[in-house]
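Results of the structural survey
So the chains spell out like this:
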Amino acid sequence: CPSGHDEKAIVIVRQMRIIAILSIVLESISGRMTGHPILDGFFLHLSPAITSKNAIVREHGVICLSKFCLLSGEEKVVDDFKPLLMTVAGSVEERVEVRAQAALALCDLALIHERMLLGPASDEDDQNEEGGPSIPFKDMLLEMMGHAKPGIVIIAAEIAAKLLLAGRLRDPNLIAWLLVIYFDTSLTADFEADEGAEVAKEVGSPVRLQQLLSIFFPTYSMSSLDANDDMMASVAPLISIVNDKLSGMRKDYVKEALAQRWPIGKMVEYVCYTVDLADKKKNDEGAAAAVAATGEDNDDAEKADSDQALLDENKQEKEVVVEASSTLLASIDVAEFLSEEGADSAPTLYARALAKILASACIDIDAEDRALLRRLKLCVGEAEYANDDGPTVKSIKKLDDLLVDVEDDCDEEEKSVVSEIECEKNEDDHKKEEAAVKEHVVSEEEIDNIVEKENPRQSIGSVKSSTKQSSAEREDRRSSHRVSLADVN
C-alpha cells in the first residue's frame, strides 16, 4: 500500500501528464476552433492544476491556461479567465515563477483583446475571487515594477515595453519606471559576460531585458508624436521615483546609488537625446515629403511656381510656431521638483545632482517660447530660495543668471498689458459718469413715476396726499436738474 507521500507524488505526476497532453492538443488545434463547445471540457481537467498546492504544477497549469484562453471567445476570457489570472499575478503569497506566467498570459491576451486592460465595469465587479479589490492591469504593472524581487520587476518591465510599443498603453509613469530599471546595473551584476548570449534567450533574464530596452526607447519615441511627448513627460515622474528610492538611505549609499544605479544626470540627458533624435527624424521626413511634392510635374512651370509659393507660405507659418526644446522642458521639471517636493524630502546629494542639470542646461533664450521661459524663471527663483545647501544654490544661480533678460521682457509685456487695462477702465468710468448725469436730468412725468416706483407699498392716503402738492413745489422741481428721493418725498 503506497504511503501518503507516494500518493501525493502520484497525484502530482498525474496532473503534470494531463497538463502536458492538454498543451500539445491546444497547440495543435486550429484557430478556427475558437469558442467551440468541445473546448469547455478541457478546463475541467485544467482547473485542478491551477489550484494545486505544488508550485511547479501551478506554473505549468497557468501556462496551459494561457494557451486555452487564446482559443476562447472574448467574453469568456474577460469575464471568467481575466479575474483568475489577475488574482494569481497580483498575489503576494504566490511564487515569482507562477506570478510571472500569469502576467505574461495577461500580456498576450491584452494584445488580442483591448478590454483586458480596462478596470471593473461596476462596483459589483470591483472584487477579485479572493474578495480583495480589483485593479486595472496597468496599475498592477506599476506595482510589480516597484517590487523588491528582481524577477517580478524584469517580467513586468518586459510586459510594459510590449504594451507601450503596441499602442495598448499610454502612460509616462510606465516609461519612467522602465528608465529606472534600464539604468539599474545591479540587475545584471550577477551575470558573467560569457553567459550573456545563452541567458539572453530566456524570458525574464535581465540581460535580455537590457537588450530589449536599448532598442525600445528610440523605437517608441519615433513611433508617433504622442509617444515622443510621453517620453518627454516621463522626466517628472522619473525624478520622483529616484527620489523615493534614495529616501532613507545613508549618505554613502546615496552617493554609490547615484553613481552606479540611478545616475539622474545621465538619465535625463538620455531622455532629451532620444526625444531630439525622434524630432530630427520627423523633420527630415517632412522635408523629404516637401521635396517629393515639389518634384512632381516639373514640366508644368505654372504649377511648380504655385507649389513653391505654397511651400513658402507653409514654411513661414511653421517658423511662427515655436516648438519647445527638450532641454527647456526637462529643466522646468527639475526646477519644479527642487522648488516643491525636493526642497524638503530630497537627499542633499540628490538635490546637488539635479541642480547640476540646471547649471549645465544650454537654452537659447531668443529661440524658445516666452511663456515657458517665464515659467522656468519662476521655478528657478523659487528653487533658489527653497534650498539652503550652498553647492545646490550655486548651481541653480547659474541658470538664474542666464534667464535674467527673460524677466525684463516679461516686465515690458506686463506693463503694456496693465496700460491697456487702465485705458479701458478709464473709458468705462467716463461712460458711467455720462450715463449718471443723463439719469439725473429727468422730466416731471418721470419724477412722478419715480415717486410711485420708490414707494411700491404706499397706502391710499399717502398717494392722495402726494398728489395734493402745491404748484410752487412743482415749479421748484422743474428748476432743479438733480432731484433726490428726499426732495420728491
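Residues numbered from 1 in each chain as written. Predicted model: local features only at pLDDT ≥ 70, side-chain atom pairs only at ≥ 80, totals over all residues. Heavy atoms only, no water.

In this structure the tally under the stated criterion is 11 aromatic pairs. Centre to centre, the rings of Phe68 and Phe81 are 5.6 Å apart; their planes meet at 75°, and the pair counts as edge-to-face. You can see Phe68 sitting in helix 3 (residues 55–70) and its partner Phe81 sitting in helix 4 (residues 74–90), a full 13 residues away along the chain. Accessibility assignment for this pair places Phe68 and Phe81 in one class, buried. (Phe/Tyr/Trp six-rings, centres within 6.5 Å; stacked < 30°, edge-to-face > 60°. Helix = DSSP H or I, 4+ residues; strand = E, 2+ residues; numbered from the N terminus. Buried < 20%, exposed > 50% of the residue type's maximum accessible area, 1.4 Å probe, protein only.)

This next bit is on the environment of Ile239. Structurally, the position occupied by Ile239 is in helix 12 (residues 235–246). Residue classification places Ile239 among the buried positions, given a relative accessible area of 0%. Once the C-alpha coordinates of Ile239 and Met267 are considered, the two residues, 28 residues apart in sequence, prove to be 9.5 Å apart. If we ignore the near neighbours within four places in the chain, the residues touching Ile239 are Ile264, Asp333, Val334, Phe337, Tyr350 and Leu354. (Contact = heavy atoms within 4.5 Å.)

Now for the nonpolar core. Counting residues in each nonpolar core, the largest one holds 116 residues, and the members touching the most others are Leu178, Phe217, Ile264 and Tyr350. Not counting the four nearest positions on each side in its chain, Tyr350 is found in contact with Ile239, Val242, Asn243, Leu246, Leu258, Ile264 and Phe337. (Core = buried A, V, L, I, M, F, W, Y, C linked by side-chain atoms within 4.5 Å.)

What follows covers the side chain of Ser326. Tracing the sequence through the fold places Ser326 in helix 16 (residues 326–339). Those residues in contact with Ser326 that lie beyond four places of it in its chain are Met232, Cys272, Val275 and Asp276.

When the charged atoms of two side chains with opposite charge come close together, those side chains can pair. Counting across every chain of the model gives 17 salt bridges. A salt bridge links Asp389 to Arg352; its shortest N-O distance comes to 2.9 Å. In this pair, Asp389 is assigned in the loop between helix 19 (370–386) and helix 20 (390–402) and Arg352 in helix 18 (residues 348–359), connecting sequence segments 37 residues apart. Asp389 sits in the buried class, given a relative accessible area of 18%. Note on Arg352: relative accessible area 28%, which makes it partly exposed. One network of salt bridges, with partners in common, ties together Arg170, Asp226 and Asp230. (Salt bridge = Lys/Arg side-chain N within 4 Å of Asp/Glu carboxyl O.)

Let's shift gears to the packing of helix 6 (residues 137–145) against helix 7 (residues 150–165). Between helix 6 and helix 7, the least distance of the axes is 8 Å, while the angle of their chain directions is 140°. In terms of orientation, helix 6 lies oblique with respect to helix 7. Crossing of helix 6 against helix 7: the hand is left-handed. Counted together, Phe137, Leu141, Met144 and Met145 of helix 6 and Ile152, Val153, Ala156, Ala157, Ile159, Ala160 and Leu163 of helix 7 form the full contact between these two elements. Classifying every residue of the contact of helix 6 with helix 7 by side-chain character gives 11 nonpolar, no polar and no charged. (Axes fitted to C-alpha atoms, helices over the stretch in contact; angles between N-to-C directions. Parallel < 35°, antiparallel > 145°, perpendicular 65-115°, else oblique. Left-handed = near helix turned anticlockwise from the far one by under 90°. Nonpolar A, V, L, I, M, F, W, Y, C, P; charged D, E, K, R; others polar.)

Let us look at a negative patch on the surface. A cluster of acidic residues, Asp244, Glu340, Glu341 and Glu382, forms a negative patch at the surface. Mapping Glu340 onto the fold places it in the loop between helix 16 and helix 17 (342–345). (Patch = residues over 30% accessible without salt bridge, like charges linked within 9 Å, V, L, I, M, F, W, Y side chains within 5 Å. Areas by Shrake-Rupley, 256 points an atom, 1.4 Å probe, with all protein chains shown as cover. Lys, Arg positive; Asp, Glu negative; His and termini not counted. Charge placed at Lys NZ, Arg CZ, Asp CG, Glu CD.)

On the surface, Leu70, Leu111 and Ile112 cluster together into a nonpolar patch covering about 250 Å² of accessible area. If you trace the backbone, Leu70 turns up in helix 3.

Simply put, the disulfide is a covalent bond whose two ends are the sulfur atoms of two cysteines. One pass over the full model with this rule turns up 0 disulfides. Lacking any disulfide linkage, Cys69 is separated from the closest cysteine sulfur, that of Cys64, by 9.8 Å. (Disulfide = S-S within 2.5 Å.)

Here Asn243 is to be found in helix 12. Residue Asn243 is classed as buried on the basis of its relative accessible area of 1%. Beyond its immediate sequence surroundings of up to four residues, Asn243 is in contact with Phe337, Glu341, Ser345, Ala346, Pro347 and Tyr350.

Along an α-helix, residues three or four apart share an orientation, since each turn contains 3.6 residues. When we look at burial in helix 13 (residues 251–260), the residues that qualify are Val254, Ala257 and Leu258. End-on view of helix 13: buried residues confined to an arc of 95°, all on one side of the axis. The exposed residues of helix 13 that point more than 90 degrees off its buried face are Lys255 and Ala259. Those residues of helix 13 that are buried lie in contact with helix 12 and helix 18. (Arc of directions from axis to C-beta.)

As a further point, take helix 19. With 17 residues, helix 19 should cover 24 Å at 1.5 Å per step; its first-to-last C-alpha distance of 24 Å lies within 8% of that length. Every buried residue belonging to helix 19 is among Leu372, Leu373, Leu376, Lys377, Cys379, Val380, Gly381, Ala383 and Glu384, and all of these are buried. Its side-chain oxygen at 3.2 Å from the backbone nitrogen of Ala371, Asp369 defines the N-terminal cap of helix 19. (Expected span 1.5 Å × (residues − 1). Polar contact = N/O pair within 3.5 Å; in protein donor to acceptor, adjacent residues only side chain to side chain.)

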